[in-house]
Amino acid sequence: MQNTQQPVVDIWQATCKILREKMHEASYNQWIKVIVPIELKNEDLTLGVSDSFFGDWLITNFGEMITESLKNVTGKELKLNIEIGHNPVVDEEELAINYSIEDDELTLVDIKDEKKAIVKEEKPISIEERSARINCLSRHSFENFVVGEENRYAFAAASTAAKSPGVYNPLYIYGGTGLGKTHLMQAVALEISNNNPNAKILYITCEALLNRYVDAIRQGKHAEFRNEFRNVDVLLVDDVHQLSNKFRLQEEFFNMFNTLYNESKQIILTSDKEPSEITGLEERLISRFESGVTTQIIYPGFETRLAILKAKQEDHLVKLSEDVLQFIAQRISASVRRLEGALLRLVAYSSMMSDCPISLEKAEDLLVNLLEKEAANRAISIERIQKYVADYFEISVNDILSVKRPKNIAEPRMVAMYLARRLTEHSYPEIGEAFRKNHATVMHAEKKVGKKCTDDEVFMRTISMIERQLQQKNAQ
Ligand code: ADP
Ligand code: MG
């Protein structure tokens, strides 16, 4: 295979040797070992790192040392570029394993370069890229998934899909961002490919699917596009809510879905909403999506958040105190992704400071911008009120947004408007717009619900209970 990448790998390895001697071991492991060398073009060296926080810190704190060491190796002053989205390569042994499966029939599950869904590799990819992909995949395993009350059913459904593909078909996992949908979906892919290395598994985000579709049409390769997608054993499509209003793609997807479904090929979909709540989605797709197993992941409560932090901490050399872990779990609740970010930030700081323990004050200081984001998230949104009220009265958000007039729909709609006035800072016209109605309707609803609360004690209790629950849910 290849290797246009070889020089960059060699240069980087030689540079690492020098850096290793210059640095504290923990810092080396934390900051250098995890870098993926990507490309050397003229005087520009591109290094891959996980995220922009890491990249900024790396350049600020170690940029000079890296450039100097590179100069020792190459004799040249190279310019450093950072590319984010690359996960750490653990060690050389793993590199070798990943390299050896290069020619294997195992179908690549494309994680990083989501522009291309890959069923069969068209051109060889570098060891580093392969390694980063497999590494990312193996991180998203069932073993690394912390199970709590909030994701128990989704986890169980995903495990079944992995053990007996085609039984739960399709499996539809939905929930807010950063709660583990992609993780679970990729865990299924990983387990199926472990059990059956010949399985053709295709993972693609809906956005990448759209790009591929548009490219295929533009290049007159519609038939190839169809074949590629219809020849898989397992199809994983991430974030299908993005099909919204893309009717030509929906048509294509509908046919693709039917072909695979009829052959009992496992289909897994994720989304931030239930099928019926995706606006601009054809009825027939909604009913296909609902025809299998639909499972939700909800926001993890404190216990699960703490368990996740403890599990993630195992990956790091630096350990934080119980107090600090509890502090993070208490204060950060918007997503698991953000929890991970907070943990990484503290661990990174601690290892920079030669493993000095982090106090609560320091933790608060270091996490200040994440904590601000949390505060902003806590502000209750109209959307959340609509969803909560719809769930409570067992109707859909679409019903709330509709013009339907039966009492079992009209009353919850008015309640949601009333609560939007009480719990948010939005004006009448803003609330009206969020409900696809005019401001006068909101004023009317506010009055009517207010009056009913004074007249009907049972009703009043119900409303205040919903209000309390919404506030509590937000504060968790
Ligand atoms: P989503 O697809 O729902 O937006 P992801 O699956 O990308 O979220 O998850 C975001 C991050 O949080 C990932 O790094 C994932 O590994 C991690 N994560 C989410 N839920 C869990 C969990 N229950 N246990 C361990 N890690 C989790
Ligand atoms: Mg996702």
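Heads up: the structure comes first, above all this text.
Residues numbered from 1 in each chain as written. Chains lettered and ligands numbered in written order. Predicted model: local features only at pLDDT ≥ 70, side-chain atom pairs only at ≥ 80, totals over all residues. Heavy atoms only, no water.

A. Region of the structure containing the packing of aromatic side chains. For the structure on display, the rule yields eleven aromatic pairs. Considering the side-chain rings of phenylalanine 145 and phenylalanine 155, the 5.8 Å spacing of their centres and the 15 degrees angle between planes classify their relative orientation as stacked. Separated by ten residues along the polypeptide, phenylalanine 145 in the loop between α5 (127-139) and α6 (152-163) and phenylalanine 155 in helix α6 bring together distant segments of the chain. A relative accessible area of 10% places phenylalanine 145 in the buried class. Centre to centre, the rings of tyrosine 172 and tyrosine 174 are 6.2 Å apart; their planes meet at 55 degrees, and the pair counts as tilted. The class for tyrosine 172 is buried, based on a relative accessible area of 0%. With relative accessibility at 9%, the residue tyrosine 174 sits in the buried group. Among the aromatic residues, ring-to-ring pairing joins Tyr172, Tyr174, Phe253, Phe257, Tyr261 and Phe289 into one connected group. When the ring centre of phenylalanine 459 is taken as reference, the NZ or CZ atom of lysine 452 above it lies at 4.6 Å. (Phe/Tyr/Trp six-rings, centres within 6.5 Å; stacked < 30°, edge-to-face > 60°. Helix = DSSP H or I, 4+ residues; strand = E, 2+ residues; numbered from the N terminus. Buried < 20%, exposed > 50% of the residue type's maximum accessible area, 1.4 Å probe, protein only. Lys NZ or Arg CZ within 6 Å of the ring centre and 35° of its normal.)

B. Up close: the site of ligand 1. Neighbouring residues of ligand 1: 18 residues in total, closest Gly178, Thr182, His183, Lys312 and Arg337. Note that an oxygen atom of ligand 1 is positioned 2.8 Å from one of the side-chain N or O atoms of lysine 181. One of the side-chain N or O atoms of arginine 337 is found 2.8 Å from an oxygen atom in ligand 1. Contact with the protein chains removes 94% of the 560 Å² of surface that ligand 1 exposes when unbound. For the shell around ligand 1, the secondary structure elements donating two or more residues are α7 (181-195), α12 (302-313) and α14 (336-352). Grouping the amino acids of the shell around ligand 1 by side-chain chemistry returns five nonpolar, nine polar and four charged. (Near = heavy atom within 4 Å. Polar contact = N/O pair within 3.5 Å; in protein donor to acceptor, adjacent residues only side chain to side chain. Areas by Shrake-Rupley, 256 points an atom, 1.4 Å probe, with all protein chains shown as cover. Nonpolar A, V, L, I, M, F, W, Y, C, P; charged D, E, K, R; others polar.)

C. Representation of the sheet that holds strand β4 (residues 171-175). Pairing within the open sheet is parallel, and its five strands lie in the order β5-β6-β7-β4-β8. The sheet terminates laterally at β5 (201-205) and β8 (293-297), the two strands that pair on one side only. With direction set aside, neighbouring strand axes in the sheet form an average angle of 15 degrees. α6 rests against β4, β7 (266-271) and β8 of the sheet, and its axis sits at about 140 degrees to β8. (Pairing = 2+ DSSP bridges. Axes fitted to C-alpha atoms, helices over the stretch in contact; angles between N-to-C directions. Contact = heavy atoms within 4.5 Å.)

D. Fine view of the packing of α12 against helix α13 (residues 322-331). Where α12 meets α13, the axes come as close as 9 Å, and the angle between the chain directions of the two elements is 130 degrees. Classified by the angle between their axes, α12 and α13 sit oblique to one another. With respect to the hand of their crossing, α12 and α13 are arranged in right-handed fashion. Facing Phe302, Arg305, Leu306, Leu309, Lys310 and Gln313 of α12, the residues of α13 in contact are Glu322, Leu325, Gln326, Ile328, Ala329 and Gln330. Considered class by class, the residues forming the contact of α12 with α13 number six nonpolar, three polar and three charged. (Parallel < 35°, antiparallel > 145°, perpendicular 65-115°, else oblique. Left-handed = near helix turned anticlockwise from the far one by under 90°.)

E. Looking closely at the pairing of strand β2 (residues 44-49). Where burial is concerned, most of β2 is hidden: five out of the six residues are buried. Between the antiparallel neighbours strand β1 (residues 36-41) and β2 lie two residues, among them asparagine 42 with a positive phi of about 50 degrees. Note that β2 and strand β3 (residues 79-84) share six bridges and pair parallel. Directly across from glycine 48, in β3, lies its bridge partner glutamate 83. For the crossover that starts at β2, traverses helix α3 (residues 52-74) and ends in the parallel β3, the hand is right-handed. (Right-handed = clockwise from strand over helix to strand, strands pointing away.)

F. Quick look at the pattern of salt bridges. Under the definition given, this model contains 28 salt bridges. Between lysine 41 and glutamate 39 there is a salt bridge, with its nearest N and O atoms 3.9 Å apart. Lysine 407 is the salt-bridge partner of glutamate 411, the closest N and O atoms lying 3.9 Å from each other. Of this pair, glutamate 411 and lysine 407 both sit in helix α19 (residues 407-423), separated by four residues, roughly a single helical turn. (Salt bridge = Lys/Arg side-chain N within 4 Å of Asp/Glu carboxyl O.)

It is worth stressing that arrangement in space is one thing and function is another; only the former is reported here.
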